[in-house]
Structure formats: structure tokens, C-alpha cells
Amino acid sequence: DPKIIQKPKYLVAVTGSEKILICEQYLGHNAMYWYRQSAKKPLEFMFSYSYQKLMDNQTASSRFQPQSSKKNHLDLQITALKPDDSATYFCASSRTGGRNTGQLYFGEGSKLTVL
Amino acid sequence: SQWGEENLQALSIQEGEDVTMNCSYKTYTTVVHWYRQDSGRGPALIILIRSNEREKRSGRLRATLDTSSQSSSLSITAAQCEDTAVYFCATDWDSGYNKLTFGKGTVLLVSP
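Student: Can you walk me through the interface of chain B and chain A in this structure?
Tutor: When the parts come together, some accessible area is lost, and that loss is often what is quoted as the size of the interface. With 26 residues of chain B at the interface, the matching set in chain A holds 26 residues. Summed over both partners, the interface of chain B with chain A buries about 2200 Å², with 50% contributed by carbon and sulfur atoms. Summed over the shared surface of chain B and chain A, the number is two salt bridges. The shortest N-O distance in the salt bridge between Asp56(A) and Lys99(B) comes to 3.6 Å. Taken together, the connections running from chain B to chain A amount to five residue pairs in polar contact (both at pLDDT 80 or more). Breaking the side of chain B that touches chain A down by element, the ones donating at least two residues are strand E3 (31-37) and strand E4 (44-50) of chain B. For the side of chain B that touches chain A, the leading source of residues is E3(B), giving four residues. Here the residues of the side of chain B that touches chain A sort into 11 nonpolar, 10 polar and five charged.

Right under this line is the structure:
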């Protein structure tokens, strides 16, 4: 059974709309992350959270807002969608946060297409 | 090598052959992660080598790390069809909260 559940797996949106990507992890980890993978760029770090607190933000645009309602949840709200936002968004987790804390576990991804 | 401005690399080999993928990184890192990604799936860690290790083995996998040349390699011995995947190296050189920087990846195709 997948230990990191991302929903939806695929989604299509129109330019200017808003979407929420859901992520839940059942590994008992304390740190969660969002990464993005597109055809043009390698896997890119977006956000890191530890104990539900934002620790690092590599996303320049405020259109991307992570939301953590519970320790094992880290959703990603994207507003005013643009075609360039088309990518697969991966949620990940690790036992603890901080630099050099070891393995990241990734979910299966949510593939977003913006028309 | 999969860092910098290089395009995504592709390697095609026959089952049973050995293969080595290379990765160079920008500056000091405390660890190099190697992940594999199967089509339609998320990346999965296959081997992690720390800056105080020169070599790490796991089954048919062997990773090396040369901090002086800022490079790492991943070797697969006697590759099998199920080794077909995209392989990424990642480092934590950008000191952030477990912020990994990934290379562009190497597509490995193992044919029977």
C-alpha cells in the first residue's frame, strides 16, 4: 500500500483557475515537502515543512501556498494557474527535517495540465 | 554526467552488461542521493553516500563519491530489464531544510 497518498493523480485546469493538490503520509514522519518536475526542468524543491511549520520556501510566486492542517498532511494550493505551472507535483516526507537528514520518500505525484 | 546544462542523458544496454552513470555537483555537499524513477511513479532512493564515504554498495549497485572532483557515480552490475528507469543524483549543497538539488537524470534502457 502506498504510504504517501497524493490526490488527484491527474488534473486538468484552465488558465486563471485554482487547484488544490492533496498529500497525506502514513510513515509517521515529521517533515514533508513539495517538489515539482516538468519537461523543461529537473525535479525542483518547492517547500519544506517540519512539525507543520514552514521551514524553507524556494517558490518565488505567492500563487503557491502550502497548507498543513495535520502533521501528516501537506496540501498545495495553486491560484491563478498558468500554462507554465503544468508539471508533476511530488509530495515527499522524511523522518526528520534539517540538512542531511537522509532519505526522502516520494508520493506518486499529481500531474497538472493547465490549458 | 547529469549536472549543469547537459541534456537528459540516455543509455541503452543489453541485459547482463555493466553500466556506470556519472554525476557532478556544484560545491560542497554532505551527501549524494541516488534515486530511480520508474515511468509514472515517484522517485525512490536506491543508495545514499555520505561525504566521509568513498564507496557504498547495495546488492548490484555501487556508488562512489569523490569530494575533490565533486563527482559521484552509480554503477549497476549485470543489469536486468527491470533496471530500466530514470536515475537521478541529488545533493544538499544548497543548505536549506533538507533541500535536495536534483540532476537532470539518466534514462537507462536495458534490453533483453
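Student: What's the story with the sheet that holds strand E1 (residues 4-7) of chain A in this structure? I'm lost.
Tutor: By way of backbone hydrogen bonds, the strands of a sheet pair with one another, either parallel or antiparallel. Residue and element names in this part refer to chain A. In space, the four strands of this open sheet follow the order E1-E3-E8-E7, with antiparallel pairing throughout. Of all the strands in the sheet, just E1 and strand E7 (64-67) have a single pairing partner and so form its edges. Taking each pair of neighbouring strands and ignoring which way they run, the sheet shows an average axis angle of 15°. Bridge count for E7 against strand E8 (residues 75-78) is four bridges, and the pairing is antiparallel. If you follow Phe 64 over to E8, its bridge partner there is Ile 78.

Student: Can you help me understand the layout of surface pockets in this one?
Tutor: Gaps left between atoms show up when a probe the size of a water molecule is rolled over them. Its boundaries defined by the atoms lining it, the largest pocket holds a volume of some 660 Å³. In terms of lining, the largest pocket is formed by 27 residues, of which the most central are Gln37(A), Ser38(A), Gln37(B), Val86(B) and Phe88(B). Secondary-structure elements contributing two or more residues to the lining of the largest pocket are strand E9 (87-94) and strand E11 (110-114) of chain A together with strand E8 (85-91) of chain B. By residue class, the composition of the lining of the largest pocket is 10 nonpolar, nine polar and eight charged.

What counts, and at which threshold
Residues numbered from 1 in each chain as written. Chains lettered and ligands numbered in written order. Predicted model: local features only at pLDDT ≥ 70, side-chain atom pairs only at ≥ 80, totals over all residues. Heavy atoms only, no water. Contact = heavy atoms within 4.5 Å. Buried area = accessible area lost by both parts, 1.4 Å probe. Salt bridge = Lys/Arg side-chain N within 4 Å of Asp/Glu carboxyl O. Polar contact = N/O pair within 3.5 Å; in protein donor to acceptor, adjacent residues only side chain to side chain. Helix = DSSP H or I, 4+ residues; strand = E, 2+ residues; numbered from the N terminus. Nonpolar A, V, L, I, M, F, W, Y, C, P; charged D, E, K, R; others polar. Pairing = 2+ DSSP bridges. Axes fitted to C-alpha atoms, helices over the stretch in contact; angles between N-to-C directions. 1 Å grid on protein atoms, 1.4 Å probe; cavity = no way out; pocket = protein on both sides within 12 Å on 5 of 7 lines; lining within 4 Å. Points joined across faces, edges and corners; volume = space filled by probe spheres on them.

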